[in-house]
Structures are given as structure tokens and as C-alpha cells.
Amino acid sequence: MNLQQKIVTAWLFLTLALCVHMVLENIEAIHFKPSESVNTEQQAKTAQIKKKKNQQKSSNTKVEKPINIKDNSKNNMKNVLRIKNLLVLVLPLIFGFVSALYTKTWFKWLAFIYAILFVLLNFAHAGEQIALGANNFTQVLLLLFVAGINVALIVFLNKWRKLI
């Protein structure tokens, strides 16, 4: 396997491992009890909804208005998640594809710098999981695996960058 193929493979494994991380994170959020702060907020919303229903029943009106509990955050969280997905999942795929076809020096430098920033993010996120108590050792091992792939990718990109 030549150097360019190793780089493309590393980008793909990096993206695949991060997809697995996100799936595991979502499965955990679905199957396990939310934290106390989330639970308290949900209880407050439920109490508010019950109070409104009781007020509607006591007013003896025939027309019941639907209760709208939609959050009016103007999709800020959706945009943050979209940007995160772009930077963490889509860009590595793009770098992997372009690495197979394009060998210009500026692109090699761009991929190298992005990989360095990405490994810093990976180590920070793994450290965050460990600092939070590392209850989910699967996630910690997966994040350390992602960081390891990223370190290998940096080594490959550095060798590729130095080639003429």
C-alpha cells in the first residue's frame, strides 16, 4: 500500500470511527436516564403543561387550544450540530477523496494542518470523557482509537508533504 492509499484509508477510518462514536452516544442517550438537571427541567415543563390543562378544564370552554411547547431557539442548536458534523464528519471524507486525486503542495499543507487541529480536538474530547468519570469505557477506548488513527494520519501526511 503506497503512502497516498494509507492517507485515504486513515481519513476513512477516522470518519467511520467518529460515526460509531456518535451512534454509541445517541444509543446511550436513548437507553439511559437523563441527568438530574435535564430531568428537573422536564418535570417543570410537565407541571406547567398540567397546570394549563387544569386551567382549561376549569374555564368550561368548549374550544381547547393546543399547548405549544416548541422551543423558540431559532434553530441555533441545529446550526451548531450542522457545523460540527461538517467539520468532524464531512471534511475528513472530502480530505480523503481529494487526497486520492490531488497532490498539490498547498493541499498537502492544508490537510496536514487540519489533521493537527483535529487530533487536538480528539485528545481534548477523550480527556473530557476521562475527566467526567469514564463510566463508559467503550467511548473512551473508541476516542483514544480515533486519536491514534489521527496521529498515524499526521505521520503519513507529514511524509507525503515532504515528498517532491
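See above for the structure.
Attention here is on the structure that accompanies the text. Note that the structure is predicted; figures quoted are calculated from it, not measured.

Regarding helix α4 (residues 105-131)
- Given a rise of 1.5 Å per residue, 27 residues ought to cover 39 Å, and the 39 Å separating the end C-alpha atoms of α4 matches this to within 8%.
- For α4, the complete set of buried residues consists of Phe 107, Lys 108, Ala 111, Phe 112, Tyr 114, Ala 115, Phe 118, Val 119, Asn 122, Ala 126 and Gln 129.
- Along its buried surface, α4 packs onto α1 (3-31), α3 (76-101) and α5 (137-162).
- Looking one or two residues past α4, Gly 133 carries a phi angle of roughly 115 degrees, positive in sign.

Focus on the nonpolar core
- Residues Ile 7, Trp 11, Leu 14, Leu 18, Leu 153 and Leu 157 are the most contacted members of the largest nonpolar core, which totals 25 residues.
- For this core, the secondary-structure elements that each account for two or more residues are α1, α3, α4 and α5.

Concerning the packing of aromatic side chains
- One pass over the structure, following the stated rule, counts 10 aromatic pairs.
- Ring plane angle 15 degrees and centroid distance 5.5 Å describe the contact between Tyr 114 and Phe 118, whose orientation is recorded as stacked. A residue pair is termed a helical-turn pair when its members lie 3 or 4 positions apart in one helix, as Tyr 114 and Phe 118 do in helix α4 at four residues.
- Residue Phe 118 is classed as buried on the basis of its relative accessible area of 4%.
- Within the aromatic cluster, the residues linked to one another by ring pairs are Trp 11, Phe 95, Tyr 102, Trp 106, Phe 107, Tyr 114, Phe 118 and Trp 160.
- Across from the ring centre of Trp 109, 4.2 Å away, lies the NZ or CZ of Arg 161, which sits over that ring.
- Sitting over the face of the ring of Phe 112, Arg 161 holds its NZ or CZ atom 4.8 Å from the ring centroid.

How each quantity is defined
- Residues numbered from 1 in each chain as written.
- Predicted model: local features only at pLDDT ≥ 70, side-chain atom pairs only at ≥ 80, totals over all residues.
- Heavy atoms only, no water.
- Helix = DSSP H or I, 4+ residues; strand = E, 2+ residues; numbered from the N terminus.
- Expected span 1.5 Å × (residues − 1).
- Buried < 20%, exposed > 50% of the residue type's maximum accessible area, 1.4 Å probe, protein only.
- Contact = heavy atoms within 4.5 Å.
- Core = buried A, V, L, I, M, F, W, Y, C linked by side-chain atoms within 4.5 Å.
- Phe/Tyr/Trp six-rings, centres within 6.5 Å; stacked < 30°, edge-to-face > 60°.
- Lys NZ or Arg CZ within 6 Å of the ring centre and 35° of its normal.

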